[in-house]
Amino acid sequence: MPEPTQTPAPDKRRPHPHPETLRRLEQSSGRLAAAALARMGEQLPWYRAMPPENRSWIGLVAQAGIAAFTEWFRHPETPQAISTDVFGTAPRELTRAITLRQTVEMVRTTIEVVEAAIDEVAAPGDAHVLREALLVYAREIAFATAQVYAQAAEARGAWDARLESLVVNAVVSGEADEGAVSRAAALGWSSPEHVVVVLGTAPDGDSELTVEAIRRAARHARLQVLTGVLGNRLVVIAGGSDNPLHVARALIGPFAPGPVVAGPVVPDLLSATRSARAAAAGLKACAAWPDAPRPVLADDLLPERAMAGDPTARTLLVEEIYRPLQEAGAALLETLSVYLEQASSLEGAARMLFVHPNTVRYRLRRVTDVTGWSPSDVRSAFTLRVALILGRLAEQTGRI
């Protein structure tokens, strides 16, 4: 419950209200609250559409507001605590059930009902005193409304940040489960079909500003994101695109200088641990490829990841390059091996294999078709060479 605000000391020259006015005000409080609710039902469509439970909360708040005004009016010579106590009946439920605009309309309607009844409620000679008090009270209750919603927003923001941090940490640590999915849903994650994890170095300074910058970039790129700073790493789980490079480029602005790695696209948040694991391994291995593009795909770092001890990278190189070449026929493996050993020379490979250069050229095109990596490209040739080495070792030892 927020602490009540203190109103300024009242003008002590103001006469004390007549006891008859207080008596009438106390007797009329229930009727005035009922009249306020009736007017809300007539004038406010959102109030009519609310379930009975929510309307009862509003009725309690209206009654509390009129009762607080009566008590405040009883002691004009001393400052009174008016503010969030009015909303003490159900502050959390109220701020979740209705918006700030609707609360302002509710307060305005209640004040208008009380103001319309001043001439009837006030004792002779007290109408101007009661009207003046109501104006001051209306100002204070407006401040109270703003304070309640501001503190509720701060509390929700802090809670959402903790919730988001739990989700991000679960994905990065490989512990994502249905609980993490539920938490993400509570944050507005709508389970997009394509998910990718992007990792890089977090900039110095306020991490909240970094997170907000990521969210702005994501809104501009029409991506959903869950993000957080874990240690010195900035982690972004992005959904809504099947192009990891597009995602990384769209979100790269808030990252600190240094490598930024995008993991592979996965189908959902539960699978995002795989994307996060690949991105983390790629970030670790980036030091071995100083000229790597920024951002870079984790799959483009497979040879460096394999050399750095990443078992997933070793498996991918063997299962997605070596095994398919092996199944496509011994000629492709032999031609690729000789071609790489001959410094990527078509003529040299042809001489060693006793075939025409066009035959070598044809087989190399088949290698590209089978693996997706072109032997004529320097970077791809390096990847293919590492895959051949790991594949031969796997053949000898029986394990990858």
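Within an unreviewed UniProt entry, the label attached to the protein chain reads Fatty acid biosynthesis transcriptional regulator FasR, and the organism entered is Streptomyces glaucosporus. Under the UniProt heading Sequence similarities (unreviewed entry), the note attached to the protein chain is "Belongs to the CdaR family."

Within the protein chain, the regular secondary structure consists of 17 helices and five strands. Residues classed as buried in the protein chain amount to 46% of the 400 residues present. Accessible surface, the protein chain: about 20200 Å² in total, of which carbon and sulfur atoms supply 53%.

A few words now on the packing of aromatic side chains. Applying the stated rule across the entire model yields two aromatic pairs. Taking 6.3 Å as the distance between ring centres and 90 degrees as the angle between the ring planes, the aromatic pair formed by W46 and Y47 counts as edge-to-face. Residue W46 is classed as buried on the basis of its relative accessible area of 13%. Residue classification places Y47 among the buried positions, given a relative accessible area of 8%. Lying across the ring of W289, R379 places its NZ or CZ 3.5 Å from the centre.

Turning next to the pairing of strand β1 (residues 195–201). For β1, a buried count of six out of seven residues is recorded, marking the element as mostly surrounded by other parts of the structure. As judged from the seven bridges shared by β1 and strand β3 (residues 233–239), these two strands associate in the antiparallel manner. Bridging from a neighbouring strand, T201 pairs with R233 of β3. By the bridge criterion, two bridges tie β1 to strand β4 (residues 261–262) in an arrangement that is antiparallel. In the sheet register, L199 faces β4, and the bridge partner there is V261.

To continue, consider helix α9 (residues 207–221). An ideal rise of 1.5 Å per residue puts 21 Å on 15 residues; α9 measures up with 21 Å between its terminal C-alpha atoms. Next to the buried residues of α9 lie β2 (224–230), β3 and α10 (244–251). The N-capping residue of α9, defined by a side-chain oxygen 2.9 Å from the backbone nitrogen of E208, is D206. A positive backbone phi angle near 60 degrees is found at R222, which sits one or two residues after α9.

Cut-offs applied
- Residues numbered from 1 in each chain as written.
- Predicted model: local features only at pLDDT ≥ 70, side-chain atom pairs only at ≥ 80, totals over all residues.
- Heavy atoms only, no water.
- UniProt positions renumbered as here; feature names shortened; annotations may be inferred.
- Helix = DSSP H or I, 4+ residues; strand = E, 2+ residues; numbered from the N terminus.
- Buried < 20%, exposed > 50% of the residue type's maximum accessible area, 1.4 Å probe, protein only.
- Areas by Shrake-Rupley, 256 points an atom, 1.4 Å probe, with all protein chains shown as cover.
- Phe/Tyr/Trp six-rings, centres within 6.5 Å; stacked < 30°, edge-to-face > 60°.
- Lys NZ or Arg CZ within 6 Å of the ring centre and 35° of its normal.
- Pairing = 2+ DSSP bridges.
- Expected span 1.5 Å × (residues − 1).
- Contact = heavy atoms within 4.5 Å.
- Polar contact = N/O pair within 3.5 Å; in protein donor to acceptor, adjacent residues only side chain to side chain.

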